[in-house]
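# Tertiary structure, described
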Amino acid sequence: MSDALPERQTDIGPPDYKQFLPPVVAKNYGKWKYHERISNAMMVHVGESGDKCYTVRAASPRLISTDFIRDLTKMADKHCGGFLRFTTRNNVEFLVDDENKAKALEKDLRDAGYMLGGIGDTISNVVHTQGWVHCHSAATDASGLVKVLMDEFADYFTGKKGLPARVRLAVACCTNMCGAVHCSDIAVVGIHRKPPRINDEEVKKACEVPSTIASCPTGAISPNPAAKSVKIKEDKCMYCGNCYSVCPALPISDPENDGVAVVVGGKIGSLRSNPKFSKLVIPFLKNNPPRWPEVTAAFRNILTVYEQGARKHERLGEWVDRIGWEKFFALTKIPFTHQHIDDFTIARETFRASVAFKW
Ligand code: SF4
Ligand code: SF4
């Protein structure tokens, strides 16, 4: 490929990302020598050419208004030639090629009331899914939960409070898990606890019976020819909500029985230890909007015990691996229950995929 930024000659798929790179990134693409953290809000990447790229990171509430986007773009127009980016965890990053520009940008952002931080051994923005705002199968809210978590842990984002290593939080509002719950240090996933309710009249009018049956991963759905509808074998149902995506006459949301589970110890990075899947530690907490005090208390408890026990640079999952899960449950005083046990005998040992403990 030539050095010139390619323009994709097709109307299918997204445009080539390279045309959106800030000039300093495009010029040094793939030729970075090292990077270092200047503060919790700023880092610098140094290229083999000697060029420097300064990144200033701000928090975002993830679901953001048009006004907020306009404010961000005005800031980017003023300081960064119009370039900004969102990280996978929805932090906003402004990129400039000069330290003085970066300092002026940081000052402007702080003066405008942005919360800056999230770089290094901090809690960065919480990655999350759509929740009640948008998705049909949500068992909990995402934006509301994330708001209370960020309120609770803002000092860890800004760096006012330190941590042994970075801690990544995530929220997914059902077990489809569009968020990074499986690979975050502390995370919460929405769960349903009752099978879908069948509205025979609506199934008849709105749903295709064969595709509804085919949508169930456990084979719990069968035809009900008398009612021109379907039946659900309740003891085979795992409350995943898949059938509701296919047939809107099988609603699964339930204000009394829906809630969240807490999982811990996941990570994406392969620094020092392999990437890890999170494991279940709290099987169920009831939805308690608007402030979810039980969830914030559970996160606070786990974070405090981790902070007190972990060594420098030790991620939460690595700390638990060192002390053992028995000790984790003893220190956090979280009860170990039958829901933690994975007794699915057909799962191969090497899956490493279950959130539960192998029995
Ligand atoms: Fe929808 Fe589930 Fe994804 Fe949330 S996690 S956005 S409820 S599919
Ligand atoms: Fe099957 Fe999931 Fe629907 Fe239960 S909720 S019937 S497991 S598709």
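Structure: above.
Below, the structure is looked at part by part. (Residues numbered from 1 in each chain as written. Chains lettered and ligands numbered in written order. Predicted model: local features only at pLDDT ≥ 70, side-chain atom pairs only at ≥ 80, totals over all residues. Heavy atoms only, no water.)

Next up on the list: the state of the cysteines. Within this structure, the stated rule accounts for one disulfide. Covalently, Cys 207 is tied to Cys 247 through a disulfide, its sulfur atoms 2.1 Å apart. Torsion about the S-S bond of the Cys 207 and Cys 247 cystine: about 75 degrees, corresponding to right-handed handedness. In this pair, Cys 207 sits in the loop between α5 (200–206) and α6 (209–214) while Cys 247 sits in the loop between α7 (242–246) and β11 (259–264), placing the two residues 40 residues apart along the sequence. (Disulfide = S-S within 2.5 Å. Helix = DSSP H or I, 4+ residues; strand = E, 2+ residues; numbered from the N terminus.)

Before going further, it helps to spend a moment on the site of ligand 1. The environment of ligand 1 is made up of Thr 129, Gln 130, Cys 135, Ser 137, Ala 138, Cys 173, Cys 174, Asn 176, Met 177 and Cys 178. Within the shell around ligand 1, the residues separate by chemical class into six nonpolar, four polar and no charged. (Near = heavy atom within 4 Å. Nonpolar A, V, L, I, M, F, W, Y, C, P; charged D, E, K, R; others polar.)

It is worth spelling out unusual backbone geometry at this point. Residue Pro 290 is bonded to the preceding Pro 289 through a cis peptide linkage, with omega at 5 degrees. One can find Pro 290 in the loop between β12 (279–286) and α8 (293–309). Within the chain, Trp 292 stands out as a residue other than glycine whose phi angle is a positive 40 degrees. The residue Trp 292 is located in the loop between β12 and α8 in this model. Judged by relative accessible area, Trp 292 falls into the buried class, the value being 1%. Phi angles above zero are rare outside glycine, and Lys 333 is one such case at about 60 degrees. Here Lys 333 lies in the loop between α10 (325–332) and β13 (341–342). Given the relative accessible area of 71%, Lys 333 is considered exposed. (Buried < 20%, exposed > 50% of the residue type's maximum accessible area, 1.4 Å probe, protein only.)

Our next topic: the pairing of strand β1 (residues 32–37). Looking at chain direction, β1 and strand β2 (residues 42–47) are connected through five bridges and run antiparallel. Along β2, the bridge assignment pairs Tyr 34 with Val 46. With antiparallel pairing between neighbouring strands as the criterion, β1 and β2 make up a hairpin whose turn holds four residues. (Pairing = 2+ DSSP bridges.)

Nothing here speaks to function; it is all geometry.
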